[in-house]
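Chain by chain, the residues:
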Amino acid sequence: MIITIDGVAASGKSSVSSGVARALKLPYISSGLLYRAVTLLALDAGLSPHDAPAILAHVQAHPVRLEPLAEGNRVWQAERELTPLLHSTRIDKGVSLIAAQPAIRAWVDEQLRRLTPPFVAEGRDMGTNVFPGADAKFYLTASPRVRAERRAQERPEDIPATEAALMRRDELDRVQSAPASDARIIDTGRLDLQGVIDTVLAALPPTPKPT
């Protein structure tokens, strides 16, 4: 089984995907962490976020690896773990520009499709582009204010400024993060984390019994 959970920035995709994966005893994969890792490498190398050929060449020379785990993904560059460096305002500002480059998207998609199911796949276009034949698809959304308040609980940032940044991010991600036509849309602003997880689990197709 492949379950896709897409949605806008800060809608709770990672937490929900991890919770669903743990409940089902499956790994989950976070496409966003790969994009963030590419962004980190590009920024550290002083590369333009618009120069996809240079970024790809740099990533291929310094390959990164996603380790999918139910409790949270980890990203490695050889023996160096990049995960703690991937959630910062610096990365937030650059990741949409880099993720918008078709060549970089194709590279990330290739890495994800190499992974062996079953798993829960979380991102922006898992259900529309990467795994269009997924068994179940979900799309998480919430108002910019709700998402800003959640992010402020994770980082000491100003809520109005974060809300404005999320609205800009939504516009940058608008095409990439459109929900699949057959995805179930869930407004996470009206539910707590467990409520969203339970909603996803209740909507899953029944698992076939062995014959």
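Reference entry: report on the structure contained in this document. Predicted, not measured: the structure shown is a model, and the values here were computed from it. (Residues numbered from 1 in each chain as written. Predicted model: local features only at pLDDT ≥ 70, side-chain atom pairs only at ≥ 80, totals over all residues. Heavy atoms only, no water.)

Brief notes about the sheet that holds strand β2 (residues 28-30)
Spatially, β2-β6-β1-β7-β8 is the arrangement adopted by the 5 strands of the open sheet, whose pairing is parallel. Sheet topology places β2 and β8 (184-187) at the edges, where each strand pairs with a single neighbour. The sheet shows a mean angle of 20° between the axes of neighbouring strands, taken without regard to direction. Where strand β1 (residues 2-7) lies against strand β6 (residues 119-123), 5 bridges are found, and the strand directions are parallel. (Pairing = 2+ DSSP bridges. Helix = DSSP H or I, 4+ residues; strand = E, 2+ residues; numbered from the N terminus. Axes fitted to C-alpha atoms, helices over the stretch in contact; angles between N-to-C directions.)

Observations regarding the sheet that holds strand β5 (residues 80-81)
The sheet built from 3 strands is open, its strands ordered β3-β4-β5 with antiparallel pairing. This sheet does not close on itself; its edge strands, each paired only once, are β3 (65-67) and β5. Sheet analysis places β3 next to strand β4 (residues 74-77), joined by 3 bridges and oriented antiparallel. In the sheet register, Glu-67 faces β4, and the bridge partner there is Arg-74.

Quick look at the packing of helix α2 (residues 31-44) against helix α5 (residues 102-113)
Viewed as axis vectors pointing N to C, α2 and α5 meet at an angle of 130°, and their least axial separation amounts to 10 Å. By the angle between their directions, the pair α2 and α5 is classed as oblique. Handedness of the α2/α5 crossing: right-handed. Packed against α2, whose contacting residues are Ser-31, Leu-34, Tyr-35 and Val-38, the element α5 presents Ile-104, Arg-105, Trp-107, Val-108, Asp-109, Gln-111 and Leu-112 at the interface. (Parallel < 35°, antiparallel > 145°, perpendicular 65-115°, else oblique. Left-handed = near helix turned anticlockwise from the far one by under 90°. Contact = heavy atoms within 4.5 Å.)

So, the nonpolar core
If you look at the biggest cluster of nonpolar residues, it comprises 33 residues, and the most contacted ones within it are Val-64, Val-75, Ile-104, Leu-112 and Phe-131. Of all the secondary structure elements, the ones that give two or more residues to this core are α2, α3 (52-61), α4 (89-99), α5, β6 and α6 (126-130). The biggest single contributor to this core is α2, with 8 residues. If you look at the next biggest cluster of nonpolar residues, it comprises 16 residues, including Ile-3, Val-20, Phe-138 and Leu-204. (Core = buried A, V, L, I, M, F, W, Y, C linked by side-chain atoms within 4.5 Å. Buried < 20%, exposed > 50% of the residue type's maximum accessible area, 1.4 Å probe, protein only.)

So, helix α1 (residues 13-24)
Taking 1.5 Å per residue as the helical rise, α1 with its 12 residues ought to reach 16 Å, and the 16 Å between its terminal C-alpha atoms agrees with that figure. Within the sequence span of α1, burial applies to Lys-13, Val-16, Ser-17, Ser-18, Gly-19, Val-20 and Ala-21. Two residues or fewer past α1, Lys-25 is found with a positive phi of approximately 60°. (Expected span 1.5 Å × (residues − 1).)

Observations regarding unusual backbone geometry
Cis geometry is adopted by the peptide bond preceding Pro-118, which originates at Pro-117 and carries an omega value of 10°. Structurally, the position occupied by Pro-118 is in the loop between α5 and β6. With phi around 60°, Ala-10 is a residue other than glycine that occupies positive phi space. Looking at the secondary structure, you find Ala-10 in the loop between β1 and α1. Despite not being glycine, Ala-78 has its phi angle at roughly 55°, a positive value. Relative to the assigned elements, Ala-78 resides in the loop between β4 and β5.

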